[in-house]
Amino acid sequence: MLLIPGGMITFVLSLVIGHFLAEPLNVLVKKTQAVRSGVDVSLAPDGRLHEADELSLTIKSLVEKTRSQQIDLALKEHRQSAFVSDVAHELRTPLTAIRGNAEMLLDPDMPPELHDKFCSIIVAETERLSRLTNDLLALQRIEDDDTPFELSRVNLNALAHSVLDALEPILRDREANTRIVGEAPDVLGNPDRLKQAVTNLVENASRFINPGGHIVIELFGLRGNSILAVKDDGPGFGDVDPKLLFDRFYRTDASRSRGTGGTGLGLAIVKSIAEAHDGTVEAINLPDGGACFIVAIPSIPSSTA
């Protein structure tokens, strides 16, 4: 007779304990189902059951990671869609010019001077298509390649001299006066990609200076960064938001850029290379006229062997 009341009490206590143990898990299940349905609910631990809190933290971490991946995927799809649209737009102009001039060449009665003119236009537009294709491939390799590139110690002064040596024929043809001033601490980077970035900046500056104009590459260290600034005495970029200059295919003056052979991708490549080295790039108008593009890359500490 005494066992019956004891058994009943034990049974009731078991039900009560089971309820309190299961309730946090039931609440967590409902929250998880709500998240799956797209409802924004809090998955923060409520402190009622340690195991349920641990599981809640794990689920919360997975949800946040999933949302982050979804956002990244949406942004990537948007960039790809915009990129394809921009490329199609940029290809349309030279292709239209090539086709139009090629059709004109079909006229058997065309004077020789016009024949030579149309052929020259076709060659020029074909060369621009080639430059555009090369820049597109370079930008794609930099932005989409997740494989770590080889790094080594890079002396920016020596790199700047090698860029000017490589561009010497172009700079001489454009009557550009160039010089390198200052020194900057060495950086850990990929020499080929850094050289490409500096080449793009110098070549970009050479497009907008007048014959006999000046391009200065200034080097110095600042707050743990190695700074490489490319200055010119051209017209600058006006009142344009400097950040827009590094967007793909952005041009302050489309007709002028096309006339000087620009593809609208050079500065976008510079930005991608700088960011791949944990650095930054920005542009400013100089007070006395001209533009200045500043690349900052973390320096190698002087104590590092």
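Each value, and the rule that gives it
- Residues numbered from 1 in each chain as written.
- Predicted model: local features only at pLDDT ≥ 70, side-chain atom pairs only at ≥ 80, totals over all residues.
- Heavy atoms only, no water.
- Buried < 20%, exposed > 50% of the residue type's maximum accessible area, 1.4 Å probe, protein only.
- Helix = DSSP H or I, 4+ residues; strand = E, 2+ residues; numbered from the N terminus.
- Arc of directions from axis to C-beta.
- Polar contact = N/O pair within 3.5 Å; in protein donor to acceptor, adjacent residues only side chain to side chain.
- Expected span 1.5 Å × (residues − 1).
- Axes fitted to C-alpha atoms, helices over the stretch in contact; angles between N-to-C directions.
- Left-handed = near helix turned anticlockwise from the far one by under 90°.
- Contact = heavy atoms within 4.5 Å.
- Pairing = 2+ DSSP bridges.
- Salt bridge = Lys/Arg side-chain N within 4 Å of Asp/Glu carboxyl O.
- Core = buried A, V, L, I, M, F, W, Y, C linked by side-chain atoms within 4.5 Å.

Structural notes on helix 4 (residues 156-166)
Next up, step 1: The set of residues buried in helix 4 consists of L156, N157, L159, A160, V163 and L164. Buried residues of helix 4 fall within an arc of 160 degrees about the axis and therefore sit on the same side. Across helix 4 from its buried face, at more than 90 degrees, point the exposed residues D165 and A166.
Next up, step 2: For helix 4, the capping residue at the N-terminal end is N155, with a side-chain oxygen 3.0 Å from the backbone nitrogen of N157.

Considering helix 6 (residues 191-208)
Residues that lie three or four places apart on an α-helix share one face, since the helix turns once every 3.6 residues.
Next up, step 1: Its 18 residues give helix 6 an end-to-end C-alpha distance of 26 Å, which sits within 8% of 26 Å, the value for a rise of 1.5 Å per residue.
Next up, step 2: With 13 of 18 residues buried, helix 6 lies mostly within the body of the structure.
Next up, step 3: Capping of helix 6 at its N-terminal end is provided by N190; its side-chain oxygen lies 3.2 Å from the backbone amide nitrogen of D192.

Details of the packing of helix 6 against helix 8 (residues 266-276)
Describing two packed helices takes the angle between their axes plus the distance from one axis to the other.
Next up, step 1: Between helix 6 and helix 8, whose axes approach to 9 Å, the crossing angle comes to 145 degrees. The two elements helix 6 and helix 8 meet at a crossing, and its hand is left-handed. From helix 6, R193, L194, Q196, A197, N200, L201 and N204 reach across to helix 8, where they touch G266, L267, I269, V270 and I273.

Examining unusual backbone geometry
What is expected of a backbone is that most residues other than glycine have negative phi and most peptide bonds are trans.
Next up, step 1: Notably, R223 is not glycine yet its phi reads approximately 50 degrees, a positive angle.
Next up, step 2: If you trace the backbone, R223 turns up in the loop between strand 4 (214-222) and strand 5 (225-232).
Next up, step 3: Classification of R223 by relative accessible area gives exposed; the value is 81%.

Observations concerning the sheet that holds strand 6 (residues 280-285)
Next up, step 1: Taken in spatial order, the 5 strands of this open sheet run 2-4-5-7-6, and their pairing is mixed. Each edge of the open sheet carries a strand with a single partner, namely strand 2 (177-182) and strand 6. Adjacent strand axes in the sheet meet at a mean angle of 15 degrees, parallel and antiparallel pairs treated alike.
Next up, step 2: Looking at chain direction, strand 2 and strand 4 are connected through 6 bridges and run parallel. Bridge pairing in strand 4 links V181 to E218.
Next up, step 3: This element, helix 6, spans strand 4, strand 5 and strand 7 (291-298) of the sheet and lies at about 25 degrees to strand 5.

Brief notes about the environment of D173
Next up, step 1: Mapped onto the elements of the fold, D173 is located in helix 5 (residues 168-173).
Next up, step 2: Taking C-alpha positions, D173 is 10.0 Å from S206, a pair spaced 33 residues apart along the chain.

Quick notes on the pattern of salt bridges
Next up, step 1: Applying the stated criterion across every chain, the model contains 5 salt bridges.
Next up, step 2: We note a salt bridge from E168 to R172, for which the minimum N-O separation is 2.4 Å. In this pair, E168 and R172 are both assigned in helix 5, 4 residues apart and thus about one turn of the helix distant.
Next up, step 3: Among the salt bridges present, the one from E203 reaches R207, with a minimum N-O distance of 3.4 Å. Placement of the pair is E203 and R207 together in helix 6, with a separation of 4 residues, close to one helical turn.

Some words on the nonpolar core
Next up, step 1: Ranked by size, the top nonpolar core spans 46 residues in total, and within it V202, I217, V230 and F293 carry the most contacts.
Next up, step 2: Excluding residues that lie within four positions of it along the chain, I217 makes contacts with A160, L164, R179, I180, V181, V202, L228, A229 and V230.

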